[in-house]
Amino acid sequence: MRLALEEARLAAQAGEVPIGAVVVHQPRDRATGKPTAEAQVIARGHNQCEALKDASAHAEFSAMREAEQALDNWRLSDCTIYVTLEPCVMCAGLMQRSRVSRCVYGAADPKGGALGSLFAIHQDQRLNHRFQVTPGVLEEECQALLRRFFQTRR
Ligand SMILES: [Zn+2]
């Protein structure tokens, strides 16, 4: 999450809403669930909606796409996504589609969060893949970064 916060700061410096993400890959043995290799950061990203004029340029969305290229596989089964703000419907949707194993996020997003706040995509029984979610990691810091950004813009 510290690395995701670094990414969020990069976004802020570029005048973007400060949200950052990293993807950590740790292969596991299918039968035992035990790790078979060291955990590794394989992708990182920060919000770039303004620069790219792209509403899909969210931190975790970009990081997941980069991770798919890094693994040469659209399945992110052994991946954990760390992101400073609770993912939106689109990003939670990609997590579901790409079969991530876990998402860890910092601040909750009561106005748009899809992993617990408005929706709970990760545990929807109607979908064919569900994943773990750990909310509230370094929540204060993630939130403070967003608050400061919006304060200076007003
Ligand atoms: Zn999103």
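Here goes a summary of the coordinates provided. (Residues numbered from 1 in each chain as written. Predicted model: local features only at pLDDT ≥ 70, side-chain atom pairs only at ≥ 80, totals over all residues. Heavy atoms only, no water.)

**What to know about the overall build of the protein**
Argument step 1. Looking only at helices and strands, the protein has five helices and five strands in total.
Argument step 2. Seen in sequence order, the protein has helices and strands lined up from the N terminus as α-β-β-α-α-β-α-β-β-α.
Argument step 3. On C-alpha atoms alone, the protein measures out to a radius of gyration of 15 Å, which is about the 15 Å that the 2.2 N^0.38 rule sets for 154 residues.
Argument step 4. Projected onto the principal axes, the alpha-carbon positions of the protein cover approximately 55 × 30 × 30 Å.
Argument step 5. The buried share among the 154 residues of the protein stands at 45%.
Argument step 6. Pairs at least 24 residues apart make up 57% of the contacts formed inside the protein by residues separated by at least 6 positions.
Argument step 7. For the protein, the accessible area works out to roughly 8500 Å², and carbon and sulfur atoms hold 49% of it.
Argument step 8. Charge centroids of the protein, computed over 19 positive and 18 negative side chains, lie 3 Å from each other. (Helix = DSSP H or I, 4+ residues; strand = E, 2+ residues; numbered from the N terminus. Rg over C-alpha atoms; globule rule 2.2 N^0.38 Å. Buried < 20%, exposed > 50% of the residue type's maximum accessible area, 1.4 Å probe, protein only. Contact = heavy atoms within 4.5 Å. Areas by Shrake-Rupley, 256 points an atom, 1.4 Å probe, with all protein chains shown as cover. Lys, Arg positive; Asp, Glu negative; His and termini not counted. Charge placed at Lys NZ, Arg CZ, Asp CG, Glu CD.)

**A word on the coordination of the zinc ion**
Argument step 1. Around the zinc ion, the protein contributes the donor atoms His58 (ND1), Cys88 (SG) and Cys91 (SG), at 2.0 to 2.3 Å from the metal centre.
Argument step 2. Sequence positions of the donors to the zinc ion reduce to the motif H-x29-C-x2-C. Of the two residues, His58 is situated in the loop between helix H2 (49-52) and helix H3 (59-71) and Cys88 in the loop between strand S3 (79-85) and helix H4 (89-97); the sequence distance between them amounts to 30 residues. (Donors = N, O, S within 2.8 Å, 3.2 Å for Na, K, Ca; no water.)

**A word on the pairing of strand S4 (residues 102-107)**
Argument step 1. With respect to burial, S4 is a largely interior element, five of its six residues being buried.
Argument step 2. Relative to S4, S3 runs parallel, the two sharing five bridges. When the sheet's bridge partners are listed, Tyr82 is paired in S4 with Val104.
Argument step 3. A crossover links S3 with its parallel partner S4, the connecting element being H4, and its sense is right-handed.
Argument step 4. For S4 and strand S5 (residues 132-134), the ladder comprises three bridges, and the chain directions are parallel. Residue pairing in the sheet places Arg102 in a bridge with Gln132 of S5. (Pairing = 2+ DSSP bridges. Right-handed = clockwise from strand over helix to strand, strands pointing away.)

**Some thoughts on the layout of surface pockets**
Argument step 1. In this structure, the largest pocket encloses a volume near 490 Å³.
Argument step 2. Around the largest pocket, the lining comprises 21 residues; the ones closest to its centre are Ile19, Leu85, Asp109, Leu146 and Phe150.
Argument step 3. Looking at the lining of the largest pocket, the elements with two or more residues in it are H3, S3 and helix H5 (139-153).
Argument step 4. No other element matches H5, which puts four residues into the lining of the largest pocket. (1 Å grid on protein atoms, 1.4 Å probe; cavity = no way out; pocket = protein on both sides within 12 Å on 5 of 7 lines; lining within 4 Å. Points joined across faces, edges and corners; volume = space filled by probe spheres on them.)

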